[in-house]
Amino acid sequence: MATTPVKVHGPPLSTAVSRVLACLIEKDVPFQLIPVNMAKGEHKSPDFLKIQPFGQVPAFQDETTSLFESRAICRYICEKYAEKGNKGLYGTNPLAKASIDQWVEAEGQSFNPPSSVLVFQLAFAPRMKLKQDQSLISQNEAKLEKVLEVYEKRLGESRFLAGDEFSLADLSHLPNAHYLVNAADRGELFTSKENVGRWWGEISSRDSWKKVVDMQNQST
Ligand SMILES: N[C@@H](CCC(=O)N[C@@H](CS)C(=O)NCC(=O)O)C(=O)O
């Protein structure tokens, strides 16, 4: 029986949308990408707010379920489609899941705050012809540097963040790290650290992420 593809609403250029796309591709789950014209404010329209009450992308729909928050959506995809694609992406036992969750949280709470400011300031502000805030940039570079020092130590102990296998924890970092390295000239933050540089090389060359980058390039 053919299953209806899940729906992801939002542009692939959005970091949060691309996190969900990478997860769907890793899990080999068919999806339909529904465009949302953010320049026209479609993400603030009453219909969109019914599926994403904060007026942000992505919004996600599977059969009768709708969800928001990219990391929660990724966990749902991994649980619901446990037997598809990369079966270990969210671990296969409570301890593995807790370890992955720990690093997904580290991404959301420690890595994302400074890196998303840097991505906006360094990659998006120039495209949107907005003035960059140099003091905000230096403050957040210093914050991210400290976070990556913790990662350097961790990645000296294990190949990936949550252990020896690539997981949702690593995947969650791809969207912001990609812009920092490829659109914000901040690759050195990663490559100057032996273990972080090795990890970045490995996670960013996964086929799933390359497909997301192709989708981003096709949408510009
Ligand atoms: N924590 C949310 C963040 C979503 C988010 O910030 N989306 C951005 C694009 S990456 C957005 O919709 N920005 C427009 C706005 O906030 O009005 C998630 O991970 O889904």
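Residues numbered from 1 in each chain as written. Predicted model: local features only at pLDDT ≥ 70, side-chain atom pairs only at ≥ 80, totals over all residues. Heavy atoms only, no water.

## Regarding the domain arrangement of the protein
For step 1, the next point in the chain: Domain assignment breaks the protein into domain 1 (6-80) and domain 2 (94-210).
For step 2, the next point in the chain: The distance between the C-alpha centroids of domain 1 and domain 2 comes to 21 Å.
For step 3, the next point in the chain: In this complex, domain 1 contributes 13 residues to the contact, which on the side of domain 2 involves 19 residues.
For step 4, the next point in the chain: For the pair domain 1 and domain 2, the two sides together bury roughly 1400 Å², of which 56% comes from carbon and sulfur.
For step 5, the next point in the chain: By the criterion of area lost to domain 2, the three top residues of domain 1 are Glu-26, Arg-71 and Arg-75, representing 39% of everything that side buries.
For step 6, the next point in the chain: For the pair domain 1 and domain 2, the number of links is 6 salt bridges.
For step 7, the next point in the chain: Residues Arg-75 and Asp-101 are paired through a salt bridge, measuring 2.8 Å at the closest nitrogen-oxygen approach.
For step 8, the next point in the chain: Where domain 1 touches domain 2, the interface holds 7 residue pairs in polar contact (both at pLDDT 80 or more).
For step 9, the next point in the chain: When residues of the side of domain 1 that touches domain 2 are traced back to their parent elements, those giving at least two are helix H1 (15-26) and helix H3 (70-80).
For step 10, the next point in the chain: Of all the elements, H1 adds the most residues to the side of domain 1 that touches domain 2, at 7 residues. (Domains from an automatic or database assignment. Contact = heavy atoms within 4.5 Å. Buried area = accessible area lost by both parts, 1.4 Å probe. Salt bridge = Lys/Arg side-chain N within 4 Å of Asp/Glu carboxyl O. Polar contact = N/O pair within 3.5 Å; in protein donor to acceptor, adjacent residues only side chain to side chain. Helix = DSSP H or I, 4+ residues; strand = E, 2+ residues; numbered from the N terminus.)

## A word on the site of the ligand
For step 1, the next point in the chain: Surveying the vicinity of the ligand reveals 13 residues, the closest of which are Lys-44, Gln-56, Val-57, Glu-69 and Ser-70.
For step 2, the next point in the chain: Residue Lys-44 places a side-chain N or O atom 2.7 Å away from an oxygen atom belonging to the ligand.
For step 3, the next point in the chain: A distance of 2.9 Å separates an oxygen atom of the ligand from a polar backbone atom of Val-57.
For step 4, the next point in the chain: In isolation the ligand exposes 510 Å². Once the protein is present, 71% of that is buried.
For step 5, the next point in the chain: Every element with two or more residues in the shell around the ligand is listed here: H1 and H3.
For step 6, the next point in the chain: Taken together, the residues that form the shell around the ligand break down as 4 nonpolar, 6 polar and 3 charged. (Near = heavy atom within 4 Å. Areas by Shrake-Rupley, 256 points an atom, 1.4 Å probe, with all protein chains shown as cover. Nonpolar A, V, L, I, M, F, W, Y, C, P; charged D, E, K, R; others polar.)

## So, helix H8 (residues 194-204)
For step 1, the next point in the chain: Residues of H8 that are buried: Asn-195, Val-196, Gly-197, Trp-199, Trp-200, Ile-203 and Ser-204.
For step 2, the next point in the chain: Along its buried surface, H8 packs onto helix H5 (134-157), helix H6 (168-182), helix H7 (188-191) and helix H9 (207-218). (Buried < 20%, exposed > 50% of the residue type's maximum accessible area, 1.4 Å probe, protein only.)

## Focus on the UniProt feature "domain: GST C-terminal" (unreviewed entry) in the protein
For step 1, the next point in the chain: UniProt tags residues 93-220 as "domain: GST C-terminal" (unreviewed entry).
For step 2, the next point in the chain: Within the segment residues 93-220, helix and strand shares are 78% and 0% respectively, and the terminal C-alpha atoms sit 40 Å apart. (UniProt positions renumbered as here; feature names shortened; annotations may be inferred.)

## Focus on the sheet that holds strand S1 (residues 6-9)
For step 1, the next point in the chain: Strand order in the open sheet made by the 4 strands is S2-S1-S3-S4, with mixed pairing throughout. This sheet does not close on itself; its edge strands, each paired only once, are strand S2 (31-34) and strand S4 (65-68). Pairs of neighbouring strands in the sheet enclose a mean axial angle of 20 degrees, with direction left out of account.
For step 2, the next point in the chain: Relative to S4, strand S3 (residues 59-62) is paired through 4 bridges, and the arrangement is antiparallel. The residue bridging Asp-62 from the neighbouring strand is Thr-65, located in S4. (Pairing = 2+ DSSP bridges. Axes fitted to C-alpha atoms, helices over the stretch in contact; angles between N-to-C directions.)

## Regarding the environment of Ser-70
For step 1, the next point in the chain: Considering the arrangement of structural elements, one finds Ser-70 in helix H3.
For step 2, the next point in the chain: We classify Ser-70 as buried; its relative accessible area is 3%.
For step 3, the next point in the chain: Here the alpha-carbon distance between Ser-70 and Ala-22, two residues 48 residues apart in the chain, equals 11 Å.
For step 4, the next point in the chain: Beyond its immediate chain neighbours, meaning those up to four positions away, Ser-70 contacts Ala-16, Arg-19, Val-20 and Pro-58.

## A look at unusual backbone geometry
Most peptide bonds take the trans configuration, and most residues that are not glycine carry a negative phi.
For step 1, the next point in the chain: Note that the residue after Val-57, namely Pro-58, is joined by a cis bond; omega there is 5 degrees.
For step 2, the next point in the chain: Along the chain, Pro-58 turns up in the loop between helix H2 (46-51) and S3.
For step 3, the next point in the chain: Not every positive phi belongs to a glycine, and Asp-28 is a case in point at roughly 55 degrees.
For step 4, the next point in the chain: Residue position: Asp-28 is located in the loop between H1 and S2.
For step 5, the next point in the chain: Asp-28 sits in the exposed class, given a relative accessible area of 51%.

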